[in-house]
Amino acid sequence: MSVVEEPYLVQPAPGVYAYVQPDGGWCLNNAGFVTDGGRTLLVDTAATERRALALRAAIVAAGVPLPRTVVNTHHHGDHTYGNGVFTPEALILGHDHARSEQLAAGHQLELIWPATDFGAIDIVPPDLTYSDRATVHVGDTRVRVIHPGVAHTTGDSVVWLPEQRVVFTGDLIFAGGTPFLAMGSLAGSLRALELLRSLDAETVVPGHGPLTDPSAYEATERYLRYVDELSREGRAKGLSPLEVARQADLGEFGAWRESERLVANVHRAYAELAGRPEGAPLDILAVLTDMTVMNGGTPILCHA
């Protein structure tokens, strides 16, 4: 595995910071924080205790208070495992389903990547949950937390700063990386893009990868529609998701990180074409096995 760069801070607006963890691959998510100098709200944490402590140190180094509120954009461990580093001082906010999904997943990352040193991780789910929309006021800054419906997962949250025109998308957007729909919905992800467009953001903080702008929505939509067309054709021919993925020409998407996710996304598309509800659980072991095949027989690696 190649050595990745150190995390870094970007300040897209006064009092708004994005915490970017290169290279944005598996388990290297982005976080961020909003502050008025007296209070701080944190968006997501990190996959390991060490990385969550580094995030905490970055907040302190920025000269602002530690967060009183943490918003989780969804339940996956790379965005939530570090919650315990900020509690009990901070209240954790997330969607209703983000709480239930996190509790159900438990220490899932350790099961997938047993060789990774995650540190002393306690599963700390949201204390406060919402169903549709919530607003947190950080001084004069409005932080709107919006559920886009089932998309990357069943419990996604978009964090939108309307005055600053900055949006934290969570894993609805992977800048330079391949979308991952195994625990969400293809149709729902397309609807989520419409929500993101309606916000008219200037700066997009993706769940993984460098900061970007709304052009990332177009690239993501092209990929999702590509998966949809590929899956419809493959299913009509009676091919398995793995057969579809192995025969696919990724074209412009071949340069994106985690191209092995294509087979997971075809699994999700097949489930929806078969009439299963959006977000209905897939056989994750089968999905991971197929991704390993797509990765040349090498298990996918946690980059954290």
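Placed above this text is the structure.
Caption draft 1: Here's a closer look at the environment of A105. Among the structural elements, A105 can be located in helix 4 (residues 96–105). Of the residues examined, A105 reaches a relative accessible area of 21% and is grouped as partly exposed. Distance in space between the C-alpha atoms of A105 and A286 is 17 Å, their sequence separation being 181 residues.

Caption draft 2: Region of the structure containing the packing of aromatic side chains. Overall, the coordinates contain 9 aromatic pairs when judged by the stated rule. Ring geometry for Y81 and F118: centres 5.8 Å apart, planes at 75°, overall edge-to-face. In this pair, Y81 sits in the loop between helix 2 (77–80) and helix 3 (83–86) while F118 sits in the loop between helix 5 (108–112) and strand 7 (128–130), placing the two residues 37 residues apart along the sequence. For F118, a relative accessible area of 2% corresponds to the buried category. On the numbers, 6.3 Å between centres and 45° between planes, the contact of Y223 with Y226 is tilted.

Caption draft 3: Examining the sheet that holds strand 4 (residues 40–43) more closely. Read across the open sheet, the 7 strands follow the order 1-2-3-4-5-6-7; overall the sheet is mixed. Each end of this open sheet is capped by a strand with a single partner; those strands are strand 1 (8–13) and strand 7. Each neighbouring strand pair of the sheet contributes to a mean axis angle of 25°, computed without reference to strand direction. Bridge analysis of strand 5 (residues 69–71) against strand 6 (residues 91–95) gives 3 bridges, and the strand direction is parallel. Across the sheet, V71 pairs through a bridge with L93, a residue of strand 6.

Caption draft 4: Layout of the sheet that holds strand 11 (residues 166–174). Taken in spatial order, the 5 strands of this open sheet run 8-9-10-11-12, and their pairing is mixed. Lying at the two open borders of the sheet, with one neighbouring strand each, are strand 8 (133–138) and strand 12 (203–208). Across the sheet, the mean angle separating the axes of adjacent strands is 25° when strand polarity is ignored. Bridging between strand 8 and strand 9 (residues 141–146) involves 6 bridges; their strand directions are antiparallel. Considered in strand 9, the bridge of V138 is made with T141.

Caption draft 5: Representation of the pattern of salt bridges in the model. By the definition in use, this model includes 11 salt bridges. Among the salt bridges present, the one from R197 reaches E221, with a minimum N-O distance of 2.5 Å. Here R197, found in helix 6 (residues 186–199), pairs with E221, found in helix 7 (residues 215–236); they are 24 residues apart in sequence, far enough to count as distant. Note on R197: relative accessible area 24%, which makes it partly exposed. A salt bridge links R261 to E258; the nearest nitrogen and oxygen atoms lie 3.5 Å apart. An identical accessibility class is assigned to R261 and E258; each is buried. In the salt-bridge network here, residues are joined through shared partners; they are E194, R197, E218, E221 and R225.

About the thresholds
Residues numbered from 1 in each chain as written. Predicted model: local features only at pLDDT ≥ 70, side-chain atom pairs only at ≥ 80, totals over all residues. Heavy atoms only, no water. Helix = DSSP H or I, 4+ residues; strand = E, 2+ residues; numbered from the N terminus. Buried < 20%, exposed > 50% of the residue type's maximum accessible area, 1.4 Å probe, protein only. Phe/Tyr/Trp six-rings, centres within 6.5 Å; stacked < 30°, edge-to-face > 60°. Pairing = 2+ DSSP bridges. Axes fitted to C-alpha atoms, helices over the stretch in contact; angles between N-to-C directions. Salt bridge = Lys/Arg side-chain N within 4 Å of Asp/Glu carboxyl O.

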